[in-house]
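Geometric and topological summary
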Amino acid sequence: MMNYIRIRTTKVMLLFMSTLLSAGTIALVSINPALAAAADFGPSNPFFAPSVLPFQAPPFDKIKDEDFQPAIEAGMAQQQAEIQAIANNPDAPTFDNTIVAMEKSGQLLTRVMEVFDGVTGANTNDALQKVKTIEAPKLAAHQDFVYLNTKLFARVAAIYKQRDTLKLDPESLRLLEYDYDKFVHAGANLSEADKTELRKLNEEESSLQDAFINKVRDATKEGAFVTVDKTALAGLSEARIAAAAQAAQSRQFDAFVIPLQNTTQQPDLVSLSNRGTRQTIFERSWNRTERGNANDTRDTIARLAQIRAQKGKLIGFSSFAAWQLEDQMAKTPQAALQFMDAIVPAATAKAASEAKDNQAVIDAQKGGFQLQPWDWNFYAEQVRKARYDLDDTQVKPYFELNNVLQNGVFYAANQLYGLTFKERHDLPVYQPDVRVFEVFDADGKHLALFYCDYFKRDNKNGGAWMSVFVDQSHLLGKLPVVYNVANFSKPAEGEPALISFTDVITMFHEFGHALHGMFADTEYPALSGTATARDFVEFPSQFNEHWARDPLIFAHYAKHYKTGAPMPEELVARLRKSDTFNKGYDMTELLAAAELDMQWHSLPATAPLQNPDEFEKQALDKTHLNVSYVPPRYRSTYFAHIWGGDYCAGYYAYLWTEMLADDAFQWFVDHGGLTRANGDRFRQMVLSRGNTQDLGKMYDAWRGAPPNTKAMLKYRGLEESTSAK
Ligand SMILES: [Zn+2]
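How each quantity is defined
- Residues numbered from 1 in each chain as written.
- Predicted model: local features only at pLDDT ≥ 70, side-chain atom pairs only at ≥ 80, totals over all residues.
- Heavy atoms only, no water.
- Helix = DSSP H or I, 4+ residues; strand = E, 2+ residues; numbered from the N terminus.
- Expected span 1.5 Å × (residues − 1).
- Buried < 20%, exposed > 50% of the residue type's maximum accessible area, 1.4 Å probe, protein only.
- Arc of directions from axis to C-beta.
- Salt bridge = Lys/Arg side-chain N within 4 Å of Asp/Glu carboxyl O.
- Phe/Tyr/Trp six-rings, centres within 6.5 Å; stacked < 30°, edge-to-face > 60°.
- 1 Å grid on protein atoms, 1.4 Å probe; cavity = no way out; pocket = protein on both sides within 12 Å on 5 of 7 lines; lining within 4 Å.
- Points joined across faces, edges and corners; volume = space filled by probe spheres on them.
- Nonpolar A, V, L, I, M, F, W, Y, C, P; charged D, E, K, R; others polar.
- pLDDT = per-residue confidence, 0-100.
- Contact = heavy atoms within 4.5 Å.
- Donors = N, O, S within 2.8 Å, 3.2 Å for Na, K, Ca; no water.
- Tetrahedral: all angles 85-135°; square planar, octahedral: opposite > 155°, others 65-115°.

In this model helix H26 (residues 676-687) runs just 14 Å from its N-terminal to its C-terminal C-alpha over twelve residues, more than 12% under the 16 Å that 1.5 Å per residue would give. When we look at burial in H26, the residues that qualify are Asn-678, Gly-679, Phe-682, Arg-683, Val-686 and Leu-687. The arc that holds every buried residue of H26, seen down its axis, measures 130°, which confines them to one face. Every exposed residue of H26 that faces more than 90 degrees away from the buried side is listed here: Ala-677 and Gln-684.

As a further point, take the pattern of salt bridges. Counted according to the given criterion, the structure contains 40 salt bridges. Here Arg-217 and Asp-218 are joined by a salt bridge, their closest N and O atoms 3.6 Å apart. In this structure, the salt-bridge partner of Arg-549 is Asp-579, at a minimum N-O distance of 2.4 Å. Placement of Arg-549 in helix H19 (residues 539-549) and of Asp-579 in helix H21 (residues 569-579) is noted, with a sequence separation of 30 residues between them. Overall, the relative accessible area of 25% leaves Arg-549 in the partly exposed class. Via salt bridges that share partners, Glu-290, Asp-296, Arg-298, Asp-613, Glu-616 and Arg-635 belong to a single interconnected network.

Inspection of the secondary structure assignment puts Ser-467 in strand S7 (residues 465-470). It is 7.6 Å that separates the C-alpha atoms of Ser-467 and Gly-118, two residues lying 349 residues apart in sequence.

With that out of the way, let us pick up helix H25 (residues 653-670). For H25, with 18 residues, the first-to-last C-alpha span of 25 Å sits near the 26 Å given by 1.5 Å per residue. Counting buried residues along H25, 16 of its 18 residues qualify, which places the element largely inside the surrounding structure. The first or second residue beyond H25 is Gly-672, which carries a positive phi of 100°.

Further remarks concern the packing of aromatic side chains. The tally for this structure, following the rule as stated, stands at 59 aromatic pairs. Ring centres 4.7 Å apart and planes at 45° place the aromatic pair Trp-376 and Tyr-585 in the tilted group. Remark: Tyr-585 occurs in helix H22 (residues 583-600) and Trp-376 occurs in helix H14 (residues 373-387); sequence separation between them is 209 residues. Of the two residues, Trp-376 and Tyr-585, neither departs from the other in class, the shared state being buried. Ring centres of Phe-665 and Tyr-715 lie 5.6 Å apart, and the angle between their planes is 70°; this geometry places the pair in the edge-to-face category. Pair noted here: Phe-665 is in helix H25 and Tyr-715 is in helix H28 (residues 710-715), with a separation of 50 residues, a long-range link. For Phe-665, a relative accessible area of 8% puts it in the buried group. Here Tyr-715 falls in the partly exposed class, since its relative accessible area comes to 24%.

With that out of the way, let us pick up empty space enclosed by the protein. Tallied over the entire structure, the rule returns four cavities of 30 Å³ or more. What the largest cavity holds in volume is close to 120 Å³. Those elements that provide at least two residues to the lining of the largest cavity are helix H4 (107-122) and S7. For the lining of the largest cavity, the residue count by class is nine nonpolar, three polar and three charged.

Turning our eyes to something else, we now look at the confidence of the model for the protein chain. Residues at a pLDDT of 70 or more form 94% of the protein chain, whose mean pLDDT is 91. The low-confidence segment residues 1-38, where pLDDT is below 50, has 117 contacts with residues more than four positions distant or belonging to other chains. In the predicted structure, residues 721-725 sits below a pLDDT of 50 and forms four contacts with residues beyond four places in sequence or in another chain.

Those protein atoms acting as donors to the zinc ion are His-509 (NE2), His-513 (NE2), Glu-538 (OE) and Glu-538 (OE), and they sit at 2.1 to 2.8 Å. Taken together, the four donor atoms coordinating the zinc ion and their angles of 51 to 145° define a geometry best described as irregular. The sequence pattern formed by the donor residues of the zinc ion is H-x3-H-x24-E. Residue His-509 is found in helix H17 (residues 501-518), and its partner Glu-538 is found in the loop between helix H18 (534-537) and H19; the two are separated by 29 residues along the sequence. The residues His-509 and Glu-538 share a single accessibility class, namely buried.

In structure tokens:
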């Protein structure tokens, strides 16, 4: 519904993001809606009125840091007044005077927040961060103001009850159901006693989540490997050793320090030749939050699991997962579990064959030991080198950024959808590295603006993402203004930006999200573009990755930056093969984490407090993922995505959307591949539809069948080992 409120789900991130998303709970606290309208907000503020630039593009040349806070405050006050007016309308509730009116509310807040989120993510500073800190709790309370407004809910519920007699068009009916579900999910339907109970559970959950995040952060810091013995670091490059010495200095140790990363596996294990060091680092990672000290999280997660199960029950579901999946494409935990169970045999078989390869290297070197998790990356790297001997410096000269953009990313969009792109130097940007393109449809019509901001900066968040400055919606007469942000190394002045193949894939991925935003063709902003379910939103992006590897597209962009020569066949072949290297391990560790997430959140409210170690072991045994040499990507006790972040009962979505992307690409392959007819059909039936239809039905209608894992196993290199058993 509310435009601003869906921004959090609009920003779509790369697969393995490290940042914690904001906790997804809606706190049922009573709030004081009387926000003082900011006194210093008036026509001189660049957010006061819609931008007069083409596509209502943000007037970055006029926006100053100090403009944000008064506009955000005034935006909240304005939307609260609008919501009050809707809730208190003396006329009987109608779709127009309630549901559509809500869609039209909050335009100032949306206008400023889309830009604010954009610049605080990609080009922040102390002043902006301060505004963010001050406004974050107010914005959270602002959401509650809408969803806990009993008068407003009564109107929505009254309209919902008459939905069969209203003769609404399908998109309007979908919006009505969507709004109603959102209220119900937030607890609007509960009795006063149950609301009080839910509020208590929310408060406890919220403080336990905070405690969890703090403990994991401190435990991860404390878990760092410290040594005074430089020989323990044998195998690391001089640069890595210097970094370890520097890390020690910043902690005021006279030694070497290797800090822990969030994941179970640690990057330096790939090169550390001292097996004892590898084992110590691995164990410090694995046990970081189970050391019986103040940062032990076992009690915290056991209680969190219980609270969530109780919340699910209060709202009326058999488990927390059942509640969370109701509005997702998968719909039920059973569907997500069945999907994962179906991949397990192929993934673990492939991992077993990779383990054999690794053990063969150990044996050939007369190691005299069985492969353990801390050995995996060290020996896998040797297998990889022996087979492909491929490093980034060989391929990078064929991937010059602007060439990849124009002759790869844009070219694919032209071949599939007929789009053309024209760079615009007349539109203001928030930083000189940002580029703006106007996007034209096949018939020459204006479609969208596309901003890209690819180079790393110190004041930019890590990773890569897509979001919008302006949402498409017919109701509000807006065309989409979308952007992609990444963190590629910036070349020296006058040098070409040569990027890795991983970076190429990232560009196609984020542009897949961008297409989802640019093709949006919906009436209501709440259902537009990427505002879909978590287990759907990464589908268009991962689907678009496939075109980076398509032989026709690849040949069109992979050309030497100096000579224009195509990449030699032999190098292409090695690049392709290395693309599926180690996928058995990767898939198995992801599956293990996703299964843990789903098992924890499938506990019924009646289940007693769990012992996390026993629970984890049983959950992995039960799903055939207790594989000695492939531990879960995150252990339960430091799985921040699910306990501190927004992925509770949602980690499977990464794999689910991979399935959709691969299954969809297979449809293209089976129907002639890269053609306008195929592209247009996909655009018309999927990419332009946002969340206006049931996502499963939308997919099946386009595909002609429900998705399955066959193509996924093939494209992830897992097919062979299943047939070989
Ligand atoms: Zn993504």
